[in-house]
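# Residue-level structure breakdown
Here are the chains, one letter per residue:
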Amino acid sequence: MLLQAPGLAPGSARRQAACSVAREATNVRIVTAPALTPGRAGVSGRRILPPSRVVSVELEAPTLSSSPATVSTKKLFCEPSGQPASTAYGPALTGRPAPLGASIDADTGAINFSVFSSSAESVSLVLFTEADLNAGRATFEIPLDPYVNRTGDVWHIMLPDLRDDLLYGYRVEGVHQEEDKDYPGMRHDKRRVVLDPYAVAVLNRRRWGQMGPNLPYGEEGVLGVMPTWPQAAAALPAARGSAFDWEGDTPLNLPMESLVIYEAHVRGFTAHASSGVAAPGTYAGMVERLDYLKSLGVNAIELLPVFEFNELEYYSQIPGSDQYRFNFWGYSTVNYFSPMGRFSAAVGQGAPARASCDEFKQLVKECHRRGIEVILDVVFNHTAEGNERGPTISFRGLDNRVYYMLAPGGEYYNYSGCGNTLNCNQPVVRQFILDCLKHWVTEYHVDGFRFDLASILTRAHSAWHPQQYDQETGQRVAMSSGGAIVTAEGIMTDGAGVPTGYPLADPPLVESISEDPVLRNTKMIAEAWDCDGLNQVGAFPHYGGRWSEWNGKFRDVVRNFIKGTDGPWAGDFASAICGSPNIYANNTPHETDWWANNGGRQWKGGRGPHASINFVAAHDGFTLADMVAYNNKHNEANGENNRDGEQHNNSWNCGEEGPTTKWEVNRLRQRQMRNLTGALLLSCGVPMINMGDEYGHSKNGNNNTYCHDSELNYLRWDQLAEDPHGFNRFVRLLIHFRRATPALQRTTFVNDKDIQWHGELPNTPDWTDTSRLVAFTLHDGKGGGLYVAFNTSHLPKLLQLPKWGGRVWQPLVDTSKVAPYDFLAVDGVLSAEDVAAARRQMAMWTADHTYPVLPWSCIVLQSAPEDPAATSMIK
């Protein structure tokens, strides 16, 4: 028997029953409520229903004589929901609340749309042709019935026979705090069509830097914000039978300790004309140049953000320049499930928006073919919507109170430094982030994630008390601060009473990521700090060592010691060489480490060297070449009067600021670049190389090039090919040497049997504040090993080498020597005879167990069995 309530279509009554009916057979009795005064959606989004609407379903247990009426949930979700057909789709069906996003229903082949909003008063599905999208107008708009097309806080509808070239978004109506002060934090805007957070591909502009259409933005009925923020829409899911051919691709699952990571930007990698690729600045262009990365020796790339972002977000002319400001790096996410569309060559050439998905998959597959893992730099700390002055693109228009950390008056917390903070540990947002990560692992086969400003993931979320109503009148009960849960001190808290933003000892999101079975073998890397001063390096909640961390302390220590700074740098440098056991093994926090002495105490210590992601340079900050050429930042090209960027760079210009023709200065800079690279690649832990540093890329002293779509951020393939100083060869050989040396790839820290420390004499290290020498021997467990020394003094030193019976020390690396003799290896540059001859020249020293080390230089010697004949000839 078809259930029907007054004023509802048959499908509506059936949907009401389905919301509460158990799968077991039962008799259903519709219960109507007395007339209530219509009102706004409450804080939790529960509408006060108009008179005679069904508000509950009571269950009666079946009797033995009854004939149970089995309610098919499959059929209920496919009931007509009342919206008529059009030329582009058939009559609408009720739809399913899960999965969120747009998906193809396996039973009917229809497209199911599902979106979360707890505070919306009404939701409409908006469909676009690309022509109408570019014209700023909707093609079709389908209102969702809150009784038929809603389950809890999820709005849903299913459309059969939908044209697959259409795009979609949602118009969400509800309260805006500027229109009703009683609802702080609510920012629904019916003028906007917002993106589905679960959209798998997004389209608004097809090519990088392309301006949106010139429309009368702001006029009624015109969608979009401005030419740099035109209306965006989501692509429909791919039709059945169009699955990407992975050709058997599976995760590489390389051991963390074996990685050599290359931090790269998709556009910057091939945008320069000298790259010679068919599609510069795209995923396809990157594929064309992957063989270079393989030959370099790296086995993981960490891609700067590839989730959909708006490169024109900051677009404006840079003062005093003919250049324009771009959001080049991409740390301002518009949509988390979608690959950046304007990194796609196919989309730029007119292919459907979904083509970006396959193009990125092809990049991952080709990386895996070359033994290279793919790690994504992800930004779950904030979104591109900014603060209250920012555009309404997606999350703000759907459910601002849920998705963002808000103060009681609706103000945005700004732990990210970018205007807003994602409410990461709120249950809905937490599930969203988890779904996103699993999407990229299952759909795109990525191997890991680096979490930007990851400390924000540990902060307590803001929460709003569900709005209370008078049971008799249906009117909202007034509460202080608009119904937010507020402490006596006026601070909003989460549901457990923890103040918003307080660092949690057991953050639910980080725990969920760590324990999720789909993400079990996925690499997790935390940038364990944020822009509000929370630093968790060494004590980020790692849940049994699941997380590694960007080790900013390694960077600072290495820079200071290599340039010869006074202070405790020799001892700190030795610890960095060992993989930073003072940070990751030591469970006793320093007295100044607030986090490790409080909530982070349980996460301190007990980890291995692979917890440390070592780097001396990254995308933000000085490049390796600028680190040895500039004492001060020179960010004038950014148009901010050199006020932006980090002031403390721990750099040294080697005697002249910037470019110089002085031979001695340039020679010292080449030596220092090799010393810094040697410290990086000869240390335990996981090294990360910044794109371009392998050939000495310079940004002219600019340490904050976020806004430049120019040669400042492009890899210069022409300079790489020239390699006039042989530095690229040096880096390549050292990477391959590291990967061939198990003693440098450790899961446990070295002990006294593995490593011995030396000074100018064996076993006499100098750990004083004036020490400029760190030397050590590292055993390989097979009778051999390495002798490594860093002399960061302005004076040469004659080192006495330890004597290992029956063995001799052979030179491998000496950064004081001119290329190619800085690295003695047989390759296309040096022959076996060349290497042997160079070693014979040094035999007068090594045969006597000594070695001269020039100022600011590094040496690496290999232990080899002694050749009696060669020794007698020298004597």
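Further up the page is the structure itself.
Rules used in this analysis
Residues numbered from 1 in each chain as written. Predicted model: local features only at pLDDT ≥ 70, side-chain atom pairs only at ≥ 80, totals over all residues. Heavy atoms only, no water. Helix = DSSP H or I, 4+ residues; strand = E, 2+ residues; numbered from the N terminus. Contact = heavy atoms within 4.5 Å. Areas by Shrake-Rupley, 256 points an atom, 1.4 Å probe, with all protein chains shown as cover. Core = buried A, V, L, I, M, F, W, Y, C linked by side-chain atoms within 4.5 Å. Buried < 20%, exposed > 50% of the residue type's maximum accessible area, 1.4 Å probe, protein only. Pairing = 2+ DSSP bridges. Expected span 1.5 Å × (residues − 1). Axes fitted to C-alpha atoms, helices over the stretch in contact; angles between N-to-C directions. Disulfide = S-S within 2.5 Å. Polar contact = N/O pair within 3.5 Å; in protein donor to acceptor, adjacent residues only side chain to side chain. Parallel < 35°, antiparallel > 145°, perpendicular 65-115°, else oblique. Left-handed = near helix turned anticlockwise from the far one by under 90°. Phe/Tyr/Trp six-rings, centres within 6.5 Å; stacked < 30°, edge-to-face > 60°. Lys NZ or Arg CZ within 6 Å of the ring centre and 35° of its normal. Nonpolar A, V, L, I, M, F, W, Y, C, P; charged D, E, K, R; others polar. Salt bridge = Lys/Arg side-chain N within 4 Å of Asp/Glu carboxyl O.

A separate point is the overall build of the protein chain. Check the secondary structure of the protein chain and you find 20 helices and 29 strands. In the protein chain, the share of contacts with a sequence separation of at least 24, taken over all contacts with a separation of at least 6, comes to 72%. Accessible surface computed for the protein chain: about 33,600 Å², of which carbon and sulfur atoms make up 51%.

Turning to the nonpolar core, a few remarks are in order. Of all hydrophobic cores here, the largest spans 220 residues; its most connected members are Phe113, Tyr262, Leu303, Phe360, Leu376, Phe380 and Phe451. Counting residues per element, this core draws most heavily on helix 10 (residues 427–444), at 9 residues. Listed in part, the 13 residues of the second largest apolar core include Ala775, Leu799, Trp804 and Leu861.

Let's shift gears to unusual backbone geometry. Omega for the bond connecting Ala98 with Pro99 falls within 30 degrees of zero, at 0 degrees, which places this linkage in the cis form. Mapped onto the elements of the fold, Pro99 is located in the loop between helix 2 (73–77) and strand 3 (101–104). Phi at Asn763 is positive, roughly 60 degrees, even though this residue is not glycine. You can see Asn763 is positioned in the loop between strand 23 (755–758) and strand 24 (773–779). Judged by its relative accessible area of 51%, Asn763 is exposed.

If a strand is regular, its side chains alternate between the two faces of the sheet. The pairing of strand 19 (residues 523–526) with strand 20 (residues 547–550) spans 3 bridges and is classified as parallel. Looking at the pairing, Ala526 lines up with Glu549 of strand 20. Two strands pair when backbone bridges link them, and strand 20 and strand 21 (residues 612–614) are joined in this way by 2 bridges, in the parallel orientation. Across the sheet, residue Trp550 finds its bridge partner in strand 21, namely Ile613.

Along its 13 residues, helix 18 (residues 727–739) runs 19 Å from first to last C-alpha, staying within 8% of the 18 Å computed at 1.5 Å per residue. Within helix 18, 10 of the 13 residues are buried, which leaves the element mostly enclosed by the surrounding structure. If you check which residues of helix 18 are buried, you get Phe727, Asn728, Arg729, Phe730, Val731, Leu733, Leu734, Ile735, Phe737 and Arg738.

Our next topic: the pairing of strand 17 (residues 373–378). Taken across its 6 residues, strand 17 has 6 buried, putting it largely inside the fold. A two-sided burial pattern is seen for strand 17, the buried positions comprising Glu373, Ile375 and Asp377 on one face and Val374, Leu376 and Val378 on the other. As paired strands, strand 14 (residues 300–303) and strand 17 are joined by 4 bridges and run parallel to one another. Bridge assignment links Glu302 to a residue of strand 17, and that residue is Ile375. Bridging between strand 17 and strand 18 (residues 448–451) involves 4 bridges; their strand directions are parallel. Along strand 18, the bridge assignment pairs Val378 with Phe451.

The 5 strands are arranged 23-24-25-29-27 in an open sheet whose pairing can be described as antiparallel. If you trace the sheet from one side to the other, it starts and ends with strand 23 and strand 27 (807–814), each paired once. For this sheet, the mean inter-axis angle between neighbouring strands, taken without regard to orientation, is 20 degrees.

On to the state of the cysteines, then. Counted according to the given criterion, the structure contains 0 disulfides. Note on Cys418: no disulfide assigned, nearest cysteine sulfur contributed by Cys531 at a separation of 6.3 Å. Assessed through its relative accessible area of 39%, Cys418 is described here as partly exposed.

Let us now look at helix 12 (residues 552–562). With respect to burial, helix 12 is a largely interior element, 8 of its 11 residues being buried. The set of residues buried in helix 12 consists of Gly552, Phe554, Val557, Val558, Arg559, Asn560, Phe561 and Ile562. Residue Asn551 occupies the N-cap position of helix 12, its side-chain oxygen lying 3.1 Å from the main-chain nitrogen of Lys553. Count one or two residues on from helix 12 and you reach Gly564, which has phi positive near 80 degrees.

Time to look at the sheet that holds strand 19. In spatial order, the strands read 13-14-17-18-19-20-21-22; together these 8 strands close into a barrel with parallel pairing. The average undirected angle you get between the axes of adjacent strands in this sheet is 30 degrees. Those strands touched by helix 8 (residues 355–369) are strand 14 and strand 17, and its axis lies near 135 degrees from that of strand 17.

Further remarks concern the packing of helix 16 (residues 663–681) against helix 18. Helices that pack against each other are described as a pair by the angle of their axes relative to one another and the distance between those axes. Relative to each other, helix 16 and helix 18 sit at 15 degrees, their axes nearing to 11 Å. Here helix 16 lies roughly parallel to helix 18, going by the angle between them. Of the two possible hands of crossing, helix 16 and helix 18 adopt the one that is right-handed. Here Gln670, Met673, Arg674, Thr677, Gly678, Leu680 and Leu681 of helix 16 come into contact with helix 18, specifically with Phe727, Phe730, Val731, Leu734, Ile735 and Arg738.

Below, the discussion takes up the packing of aromatic side chains. Under the criterion given, the structure shown has 54 aromatic pairs. Ring geometry for Trp208 and Phe309: centres 6.2 Å apart, planes at 75 degrees, overall edge-to-face. Of this pair, Trp208 sits in the loop between strand 11 (202–203) and strand 12 (233–235) while Phe309 sits in strand 15 (residues 307–309), and the two are 101 residues apart along the sequence. By relative accessible area, Trp208 is classed as buried at 13%. Owing to a relative accessible area of 0%, Phe309 belongs among the buried residues under this scheme. The interplanar angle of 35 degrees and the centroid separation of 6.3 Å between the aromatic rings of Phe380 and Phe451 together place this pair among those described as tilted. Here the residue Phe380 occupies a position in the loop between strand 17 and helix 9 (395–403), and Phe451 occupies one in strand 18, the gap between them amounting to 71 residues. Classification of Phe380 by relative accessible area gives buried; the value is 1%. Lying across the ring of Trp464, Arg401 places its NZ or CZ 3.9 Å from the centre.

On to the packing of helix 12 against helix 16. In the contact formed by helix 12 and helix 16, the axes pass within 10 Å of each other and the chain directions differ by 140 degrees. Our classification of the angle between helix 12 and helix 16 gives oblique. Helix-helix and strand crossings are classified by hand; for helix 12 and helix 16 the assignment is right-handed. In this structure, helix 12 uses Phe554, Val558, Arg559 and Ile562 to contact helix 16, whose residues at the interface are Gln672, Asn675, Leu676, Ala679 and Leu680. Broken down by class, the residue content of the contact of helix 12 with helix 16 amounts to 6 nonpolar, 2 polar and 1 charged.

This next bit is on the pattern of salt bridges. Counted under the stated rule, the structure contains 39 salt bridges. A salt bridge links Arg150 to Asp153; the nearest nitrogen and oxygen atoms lie 3.6 Å apart. In this structure Arg150 comes out as buried when scored by relative accessible area, which is 10%. Overall, Asp153 belongs to the buried group, its relative accessible area being 17%. The residue Arg267 makes a salt bridge to Asp709 at a minimum N-O spacing of 2.9 Å.

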